[in-house]
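Breakdown of the fold
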Amino acid sequence: MAKRIAYLKGASHIFADNTRVNIGGLELEVHKGQKIAILGPNGSGKTTLILLLTGLLKSSGGHVELFGLDPRKNFDEVKKRIGIVFQNIEAQLIAPTVKEDVSFAPRNYRLSEEEVLQRFEKIMVLIGIENLADKIIHYLSGGEKKKVALAGAMVMEPPLLILDEPFEGLDPKARQELASLLELFNDLYDTTVILSTHDVETAGRFADQMYIMAEGNIIMKGKPKELFNKIDELKKANLHAPGILELTYELRKRGVNITPTLDVEKALGFLINQT
């Protein structure tokens, strides 16, 4: 079995006003090279889970582990091995220009200027945004800012990439482009990817393991196809399966001899043959 990268079970955090936020339910266990999607509606606890997992919030109970370490107690060690793209991109992009922002991490690790430039150019070409190198970040589109933040997170080629609601605010084409980039990093570097989202369709095409959250609890886990076949349970978590799967599922319920599927071509072929 692949090496375990992350683990979380029964974690919680107590805020300054003594409000306790709990992440309960099933355990989260992530192994090297996996593509993980954490799905749930707004307010389900996805962001809190990510902040606990990365050590940005202290867990007051349960078990939280990253690379075999307590991420809060060993934050300086684990932060070198993760790239993070936050939901609030504006707060993450801290330099005036794209080049300065993407180069920040390698400079902060005191790499030579030659290596800083090499890493910068490599990641910009890989993501396909080399034309943005000298642009002022403030004037970029939302999709361009997401790609710049991704470049900054991946410039040091960390073994783990964590993204909080990365598809938020993007049109369908931009969402698919971003998902394709995440798959590229996974293929090229064997990067483990953990992302939170309420975009069920994009997550379903991207992830090989999914976790469903509702009201602070992980209520289901499994492969996309397994979970998407539990459509009634998804609806209870205020989520909807991809449209094509819901359509074939409803046809099946109404007596049509069709196997629920995520494959548009299969569904289309069946429906054509029935006409």
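The sections below set out a description of the structure shown in this document. The shown structure was predicted, so the numbers you read here are calculated from the model rather than taken from an experiment.

Each value, and the rule that gives it
Residues numbered from 1 in each chain as written. Predicted model: local features only at pLDDT ≥ 70, side-chain atom pairs only at ≥ 80, totals over all residues. Heavy atoms only, no water. Salt bridge = Lys/Arg side-chain N within 4 Å of Asp/Glu carboxyl O. Buried < 20%, exposed > 50% of the residue type's maximum accessible area, 1.4 Å probe, protein only. Helix = DSSP H or I, 4+ residues; strand = E, 2+ residues; numbered from the N terminus. Expected span 1.5 Å × (residues − 1). Arc of directions from axis to C-beta. Axes fitted to C-alpha atoms, helices over the stretch in contact; angles between N-to-C directions. Parallel < 35°, antiparallel > 145°, perpendicular 65-115°, else oblique. Left-handed = near helix turned anticlockwise from the far one by under 90°. Contact = heavy atoms within 4.5 Å. Pairing = 2+ DSSP bridges. Right-handed = clockwise from strand over helix to strand, strands pointing away.

**As for the pattern of salt bridges**
For the coordinates displayed, the defined rule picks out twelve salt bridges. Note that D76 and K79 form a salt bridge whose closest N and O atoms lie 3.7 Å from each other. Of the residues examined, K79 reaches a relative accessible area of 37% and is grouped as partly exposed. One continuous salt-bridge network, built from bridges that share partners, spans R4, E29 and E65.

**Brief notes about unusual backbone geometry**
Even without a glycine there, the phi angle at R110 is positive, about 60°. Among the secondary structure elements, R110 is positioned in the loop between α5 (104-108) and α6 (113-127). Taking relative accessible area as the criterion, R110 reaches 78% and is therefore assigned exposed. The residue E157 is not glycine, and still its phi comes out positive at about 55°. Structurally, the position occupied by E157 is in the loop between α7 (142-154) and β7 (160-164).

**Describing α6**
Its 15 residues place the ends of α6 21 Å apart at the C-alpha level, agreeing with the 21 Å of an ideal helix rising 1.5 Å per residue. Here α6 has its buried residues at V116, F120, I123, M124 and I127. Mapping the buried residues of α6 onto a view down its axis gives an arc of 100°, with all of them on the same face. Away from its buried face by more than 90 degrees, α6 exposes E114 and V125. G128 occupies a position one or two residues after α6 and carries a positive phi of about 85°.

**Overview of the packing of α7 against helix α8 (residues 172-189)**
Relative orientation of the contacting elements α7 and α8 amounts to 15°, with a least axis distance of 11 Å. Looking at the two axes, α7 sits roughly parallel to α8. Considering how the two elements wind past one another, α7 and α8 form a crossing that is right-handed. Here K147, L150 and M154 of α7 lie close against α8, whose contacting residues are E177, L178, L181, L182, F185 and Y189.

**What to know about the pairing of strand β8 (residues 192-197)**
Burial runs high along β8: six of the six residues are buried. Burial along β8 is two-sided: T192, I194 and S196 and V193, L195 and T197, pointing in opposite directions, are all buried. Relative to β8, strand β4 (residues 35-39) is paired through five bridges, and the arrangement is parallel. When the bridges of β8 are listed, I38 appears paired with S196. As judged from the five bridges shared by β7 and β8, these two strands associate in the parallel manner. Looking across to β8, one finds that L160 is bridged to T192. Handedness of the crossover joining β7 and β8 through α8: right-handed.

**Observations regarding the environment of I218**
Residue position: I218 is located in strand β10 (residues 217-222). With relative accessibility at 2%, the residue I218 sits in the buried group. Considered as a pair, I218 and G24 are 194 residues apart in the sequence and their alpha carbons are 6.3 Å apart. Apart from the residues within four sequence positions on either side, I218 is in contact with G24, G25, L26, E27, L28, L49, Y211, I212 and M213.

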